Amino acid sequence: MAAAATSVGRRRFVGLRRVLEPVAGAHGGARIMLWSGAAITTFFIVLALIGPSISPYRFDQYQANGQRFEQLAHPSSDHVFGTTVQSTDVLSRVIWATRTELEVVFLSLIFGLLVGVPLGLISGYFSGPLDRGLVLIMDALFAFPYLLLAIVIAFLLGGQSVINAAIAITVVYIPQYFRVVRNHVISVREESYVEAARAIGAKPFTILRRYVFFNVVQNVPVIATLNAADAILTLTALGFLGYGIQPSAGAEWGYDISRAISDASSGIWWTGLFPGLAIVLLVTGLTLLGEGLNETINPVLRKRRIESPELGTPTSIVESEVGP
Amino acid sequence: MAAQGTSLKSYLLTRLALVIPMVFILLTMVFLLMRVAPGDPISASLGGRVPQAEVDKIRHRLGYDKPLIVQYREYLWDTARLDFGTTITDRRPVTEIIKVNGAATLELTIAAMFVAITVGVFFGLVAGRYRDTAADAGSRLFGIVIYAMPVFFLGYLAQLFFGSYLGILPTSDRASPLTEALLTPHTNLFLIDTLINKNWAAFWDVFRHLILPATTLGLVISGIFIRLVRVNVIRTLKDDYIEAARARGISERSVVYNHAFRNALVPVITIVGLQMALLLSGAVLTETTFNWPGIGHQLIFYLDNRDYAAVQGIIVVFALVVVFISLLIDLASAFIDPRIRY
Amino acid sequence: MNREGKWRLAALLAFVLVVVAAIGAGAARSAMTHKAAGGIIVDGTTDSVTNIDPAGNYDFGSATADALIFQHLLEAGPGGLTPHPVLATKCGFKGNLKTFSCTLRKGVKFHNGKAFTAADVVWSFDRVVRIKDPSGIYTLLSNLKSVKAKGKYGVVFNLKAPQATWPQILTTGAAQIVPKGVYPLKRVKGNTTKQIGTGPYTLSKYSPGQQAVFKKFKGYWGKPAKNDGVIIRYYTKSSTMKLALTRKDIDMAFRDFTPTELISLGKTKGIVVHKGKGATIRYLVLNLKMSPTDKLAVRKAIAYLVPRQTIANRVYHGLVKPLYSMVAAGLPGHIDAFKTVYGASPNQAKARAALVAAGISRPVNITLWYTPTHYGDSSADEFAEIQRAMQAGGLFKVTLKSAEWAQYSDALGKQYGAFQLGWFPDYVDGENYLLPFYDAKSNFTSNNYNSAKMNSLLTKEQATRVTAKRLALMRSAQTLAAKDAPIIPYWQGAMIAVSRNNVKNIPKTLDPTFIMRFWLISK
């Protein structure tokens, strides 16, 4: 961190470089995780983007050429993953659901960052009663079992649409971004170069923008990726319990599994297995990516101060982890 | 930035004082959420059988059309007196729900935590000790994949495999119908109750019913422990005093087992408290999958019925429990490590 | 490895051994407990109990439990639909259809030993009306002016308006008899307190959300139950219940499996699916004050397009039957009104003709609402089929929306233009399938249907003594209902119970009253 002081003011995108340089130099386990995670994640992103165009059928399509599909059909050449109780194709539903899942998670990431990061910056830098108030509210939110919070918010918004589901999930993760950013701001704000900037009369927002922001933001990709993994789990849990997307609006893995559960004991395994595997694969990919990033961006064991835990609610896992 | 030398007492007082506003915020959040959500308990039970005029009459009689601020005041006053009210759907006192169903969740979460710690610590130690080897990679991958698996999916697969296909384990509820019918609850923790009654057959029955749900939830949570323990082992193994011990000529084995592992496990305590919120969320899904009559299960039931009283009471208690436990954990950490106080 | 490692390994091995032993021992022991069970029937259900007190519930789960503990003056079934005396010995109208009197049975004792008298009857009815519980059970007694005791074993009901079906009302949950004094006059008795009735079982233990345990009542006045007791186990998911049934944890299950599960259970060894005559119906309510269903032509078009056979066959695998009138088939007075007016199968041509004749542009935009879990998970599949049928000819553009029951039941006709509802009867008479839907006063759907002609038909029907005349009026009402089409019925369900093959006599209790009479069952 101290090294950054000299380069600030002379190089742009300091933070960004700091993120990307170690990636190129990653080695060993970190490299494998990073690249395999990235590969899996990229695969799903591509699937979300072009999947619906290459998918054999639509997610709600129950017939083709005037012929209805068979209900609960075994996997076959016509339906590689079989069909569901509504005579829809499982493979198509899995592919289309990728888009739904990633749409919601992406939206919630954006919302979360848009709300959590600025709040964290402001709160951490300016301190005072605003800071204390925000910390209390964020800690209160954090204390809530995340799934219940998401369910209640989904209820509140009337559920159903992609936007509503995204908002429900966002609220769960805002405290994370807030806290991480705030902690880093607090530690960075005491650095000598920031003191120096203040001494020469730089305005607070300039300081925030130039010095603090990029130093702080390099941890955000890691958190965001790991949160995305978690968000998928939350979203599918919502779908499983029935509080997620309206089924006619789009396919969703969790909802498909909830419908498939009554099938499984009748020997029909394909309606639930494939959505389930999709969830596991995507979340694993995101986690690998996040962990890989974590190990590459934080390469040195920090002998410096231990992050002091926040009021009553200890810091998140990622912060207490350190790299190889 | 880490202040030194604040006394434990002043830290304790500050922490305690901060609990109150946090609880207050949570209470308000819950109240608003329940009131603003569309639908209400009257219609939920009546709707579909009775004309609208009657529904409105009943709603008025029970005070659901009183101004929001009046309802809020009454709500706060009741909570302050620890009167969490009675549910509207089936007239159960919320405190009874906490006592009976809370105990069920407690039993499940403690058992799950036991599994999570056992599995997590084992693989975490292996991964940390044999870093960058196949064992490390395997353990980490296992941890990641198991956490990526949705609890409800894993639970159902377990039910099918062990319960249906192999047929050796029960797939739902806390005990067989007859065992449960004959059980006299003291603590509502069935494992303990059956021991109090000296009923060994019942104990085995309850134990067997606990295996699948606890293992499912515990395995998923263990992913987190694997990660944490591994990191802490690595960090500890790099610490100065380990170097010093090695320099003094203490055998590597002794260094690892006596020093590193012990110290790596201390933060696990902290994490146990952290995971309460996570565990309770996972418990909701586990309880639904295994028909476990815990608090999460009840909560979903009352939530579906828009039963304000029940949901309010339950969530408030939930939040209080989490706040209280994290307070305890913080105090314990502060006691152990003076740097943490501020 | 050193001592530490060895100790750790030993602990792990010990743990594994303990687990294995537990599984093994447990398996052996549970076999024993099952043998000991003998005459106790364990029933699983996905219903739930709200309040056991009859004055405080109007839902199926509570009613099923109540049927074991409490009794009525008159009861319908098993088998026949005409109410027959149970706690009464003789009942009849006195003079006009506004006064109904009953002679009570002597020698009946409550579970607490107290004798059953007229005072208990008066008390029971009075409190239902007084308490006015939010569940709405008291609305069944809305026509009751007063109930008076005549001596120790006689009772007279004075009605506000003539009602030939009053005896049927006496068979409903609002008319269950509780002991005076033990049940408070002004409030509902809690679930955790002792429940006292005259029925063949006592409630010996109740764990909310888990199970209810019923023991045979030794002092029962009537024919003793065929088993020693009943345990009702409550499940949230039918899949868990199915596993429990196949694993022999429970002996039988009543309400509710998904159609796929039922088909699979039918093929499972050792399990029998019992189907009896049913009287539950499913229907689509159309709002007469919202576009586009305010136009008769649109409603007619929908009536021409509803794919009853597809729903019955594909979604429910033949477990339900297409329904052509709101009055359930099998009940006296039922006619297939919708079949007569609109034909048996979807007819695109006639639907189009109806829209064209009224000059309505196509496709018509319409939103259909359903509720995803309250009526079973198949609701989504049902409505997918309805949507497909309505869109197949390009006549409609259907948007499907759903809402959870709590929100849904509040909205209904207030917010929705076309929505799904189901109905199981309070009493088994065609009247109970007409009044709540078509009579402007009793209509709970809020769909704004108010036809003077229909109102007068129904008022006359209630007041008609001669059965043949009453049925004729019901038939006219059904025809009018089909022509106006404010509601479109589409299937009728059977009463289904699934059991292991060692459970006997279930078919005896499967009838349109939908009451599970556990006391007839043995194993």
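Residues numbered from 1 in each chain as written. Chains lettered and ligands numbered in written order. Predicted model: local features only at pLDDT ≥ 70, side-chain atom pairs only at ≥ 80, totals over all residues.

## Thoughts on the overall build of chain C
On a plain count of helices and strands, chain C comes out with 15 helices and 17 strands. Over its C-alpha trace chain C gives a radius of gyration of 26 Å, about what one expects of a compact globule, namely 24 Å for 523 residues. Here chain C, with 523 residues, has 56% of them falling under the buried criterion. Pairs at least 24 residues apart make up 70% of the contacts formed inside chain C by residues separated by at least 6 positions. (Helix = DSSP H or I, 4+ residues; strand = E, 2+ residues; numbered from the N terminus. Rg over C-alpha atoms; globule rule 2.2 N^0.38 Å. Buried ≥ 20, exposed ≤ 12 C-beta atoms within 10 Å, placed from the backbone. Contact = placed C-beta atoms within 7 Å.)

## What to know about the overall build of chain A
Within chain A, the secondary structure is distributed over 13 helices and 2 strands. Within the span of chain A, comprising 324 residues, buried residues form 53% of the whole. If you take every contact in chain A between residues at least 6 apart in sequence, the share linking residues at least 24 apart comes to 72%.

## Focus on the confidence of the model for chain C
Residue and element names in this part refer to chain C. Confidence in the prediction of chain C, expressed as mean pLDDT, is 88, and 93% of residues score 70 or more. In this model residues 29-36 is a low-confidence stretch, pLDDT under 50, and it forms 10 contacts with partners more than four residues away in sequence or in other chains. Reported confidence for the predicted complex is 0.79 by ipTM and 0.82 by pTM. (pLDDT = per-residue confidence, 0-100.)

## Quick notes on the environment of Leu-282 of chain A
Residue and element names in this part refer to chain A. Tracing the chain through its elements places Leu-282 in helix H12 (residues 270-297). Of the residues examined, Leu-282 has 28 C-beta atoms within 10 Å and is grouped as buried. Residues Leu-282 and Val-180, 102 residues apart in the sequence, show an inter-C-alpha distance of 25 Å. Contacts of Leu-282, omitting those with residues within four sequence positions, involve Phe-44 and Ile-232.

## Some thoughts on the sheet that holds strand E6 (residues 144-149) of chain C
Residues and elements named next belong to chain C. Sheet architecture is open: 4 strands sit in the order E4-E5-E7-E6, paired in antiparallel fashion. Either end of the sheet is taken by a strand with one partner, and the two such strands are strand E4 (88-93) and E6. The average undirected angle you get between the axes of adjacent strands in this sheet is 15 degrees. In this structure, E6 lies alongside strand E7 (residues 154-159), joined through 5 bridges in antiparallel fashion. (Pairing = 2+ DSSP bridges. Axes fitted to C-alpha atoms, helices over the stretch in contact; angles between N-to-C directions.)

## A word on the interface of chain C and chain A
Across the contact, 19 residues belong to chain C and 14 residues belong to chain A. Looking at the side of chain C that touches chain A, the elements with two or more residues in it are helix H5 (238-246), helix H6 (259-266), helix H11 (378-391) and strand E15 (396-402) of chain C. Counted by class, the side of chain C that touches chain A contains 5 nonpolar, 7 polar and 7 charged residues. (Nonpolar A, V, L, I, M, F, W, Y, C, P; charged D, E, K, R; others polar.)

## So, helix H3 (residues 118-131) of chain C
All names here are of chain C. The end-to-end C-alpha distance of H3 is 20 Å, a good match for the 20 Å that 14 residues give at a rise of 1.5 Å each. Ala-118, Asp-120, Val-121, Trp-123, Ser-124, Phe-125, Arg-127, Val-128 and Ile-131 are the residues of H3 that are buried. Taken from the residues just after H3, Lys-132 is the one with a positive phi, measuring 45 degrees. (Expected span 1.5 Å × (residues − 1).)

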